[in-house]
Structures are given as C-alpha cells and as structure tokens.
Amino acid sequence: MLGVEDLADTRFALSPLTETVLSLRVLRDPGLSAVHLPWRRSVVGRLGTLDTDLLMSLVAERFTLPDFPTPRPETFAPEFEEELAVVRRTPPDLVRRDLAATHAQAPLPGPLRDAATTTGDAPVVRLRDAGCDLLNATGRSRSGRCGRSCGWCWRPT
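Note that the structure is predicted; figures quoted are calculated from it, not measured.

About the cut-offs
Residues numbered from 1 in each chain as written. Predicted model: local features only at pLDDT ≥ 70, side-chain atom pairs only at ≥ 80, totals over all residues. Heavy atoms only, no water. Helix = DSSP H or I, 4+ residues; strand = E, 2+ residues; numbered from the N terminus. Buried < 20%, exposed > 50% of the residue type's maximum accessible area, 1.4 Å probe, protein only. Contact = heavy atoms within 4.5 Å. Expected span 1.5 Å × (residues − 1). Bend = angle between axes of the 7 residues up to and from the residue. Core = buried A, V, L, I, M, F, W, Y, C linked by side-chain atoms within 4.5 Å. Axes fitted to C-alpha atoms, helices over the stretch in contact; angles between N-to-C directions. Parallel < 35°, antiparallel > 145°, perpendicular 65-115°, else oblique. Nonpolar A, V, L, I, M, F, W, Y, C, P; charged D, E, K, R; others polar. Salt bridge = Lys/Arg side-chain N within 4 Å of Asp/Glu carboxyl O. Arc of directions from axis to C-beta.

## A short note on the overall build of the chain
When helices and strands are tallied, the chain shows eight helices and two strands. For the chain, the sequential pattern of α-helices and β-strands runs α-α-α-α-α-α-α-α-β-β. Taken across its 157 residues, the chain has 37% of its residues classed as buried. Intrachain contacts of the chain at a sequence separation of at least 6 include 71% that bridge at least 24 residues.

Written out as structure tokens, the structure reads:
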C-alpha cells in the first residue's frame, strides 16, 4: 500500500542510463519488443567487436536486472555520463549482493561468476567498470521523437 510518506518520497526523473540498462533485455531477446527492433539493429551494428558477454550476463534468465546500474537520479534529467560516474562509485559489496539477488534462480553466468565469487574487490571493480564501458557504448541520448504522447524518446547517438 502506498502511504503518505511513500508518496512524499516519490520523484519523477528521466534517466538515460536506466533506459539503456532496461534495453539490455531487448538486446538479449529481440522478440520482447518489436517496436525497438530498429534501435536494436543500430546498436548491434555499433557494438562491432566489443565483448558483450559481460553486459548481456547482467540480464538474468527471467530478465531481471541488478539495481546498481540504475541509481536513483539526482536531478530530473541527469546526463548519461553523470549517471555512469555514480555507477562507477558503487561499492563492490553492493555489486556482489545485487548480482547474487538478480541471479538467485540460476547459477551466475560465467562472465559474472569469476568476478563476483573471487575474494577481494579488484575483480568486482573491473566487472563494474567494464560494464560501465559497455553501457557507454550502447548508451542512448535525447534526440528525436517517437510520436508518443509523452514527446520524449531515446534513440542511439
């Protein structure tokens, strides 16, 4: 139930990073949303030789995602780079916890398993930062309109 305190803490924001992270589902399974197929084709072409196994392994078999790549926006319309900087500062323990919760129904995929189960923070920091680099490569910018009533859409840069 939504209480007064919950409603008072509610904020609306436009997050290009959240849009990008959520679009990983469409990159992983194009059948999920036909409306995004043109975007998917353009992004897949831009990924070229990047190793996307790590990025795609963030999406669990049931299409759940960890929370750390989608921090709560500090402003109504933050810049993509600002949001990536917040993700890069995510503590390694929080990254581990989010990955374990996201993939609780199945074993961690190989690209995540090594980093999330190795002792020390260095592997998790490399995983987190590599994920940010890949998100940056698939990032969306505010340009163009999709024709929806909201007047806002995301297109590849």
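The structure having been displayed, the exposition proceeds.
## As for helix α2 (residues 16-28)
An ideal rise of 1.5 Å per residue puts 18 Å on 13 residues; α2 measures up with 19 Å between its terminal C-alpha atoms. The largest bend in α2 is about 25°, located at L22. Buried residues of α2: P16, L17, T20, V21, S23, L24, V26 and L27, and no others.

## Let's talk about the nonpolar core
Ranked by internal contacts, the top residues of the largest apolar core, which has 26 residues, are L17, L24, L55, L58, L99, L112 and L135. Breaking this core down by element, the ones donating at least two residues are α2, α3 (37-47), α4 (53-57), α5 (80-88), α6 (92-102) and α8 (122-138). In terms of residues, this core owes the most to one element, α8, which gives five residues. Residues within four places of L135 in sequence aside, it is in contact with L17, T20, V21, L24, L55, P69, F80 and L84.

## Some thoughts on the packing of α2 against α3
In contact at an axis separation of 10 Å, α2 and α3 are set at 90° when each is read in the N-to-C sense. Put simply, α2 runs roughly perpendicular to α3. Of the residues in α3, those touching α2 at S23, V26 and L27 are W39, R40, V43 and V44. By residue class, the composition of the contact of α2 with α3 is five nonpolar, one polar and one charged.

## Some details on the environment of A60
Among the structural elements, A60 can be located in the loop between α4 and α5. Sequence separation of A60 and T102 is 42 residues, and the distance between their C-alpha atoms is 6.4 Å. Among all residues touching A60, those that are not within four sequence positions of it are R28, T102 and H103.

## Structural notes on the pattern of salt bridges
By the definition in use, this model includes three salt bridges. Its salt-bridge partner being D93, residue R96 comes within 3.2 Å of it at the nearest N-O pair. Of the two residues, R96 and D93 are both situated in helix α6; the distance of three residues between them amounts to about one turn of the helix. The class for D93 is exposed, based on a relative accessible area of 55%.

## Considering the packing of α2 against α5
Two elements in contact, α2 and α5, have axes whose closest approach is 8 Å; the angle formed by their N-to-C orientations is 70°. Considering their axes alone, α2 and α5 lie roughly perpendicular with respect to each other. Along its contact with α2, which presents P16, L17 and T20, the element α5 presents F80, E83, L84 and V87. Tallied by class, residues from the contact of α2 with α5 come to five nonpolar, one polar and one charged.

## Focus on α5
Within α5 the residues assigned to the buried category are F80, E83, L84 and V87. Seen along its axis, α5 keeps its buried residues to an arc of 100°; they face one direction.

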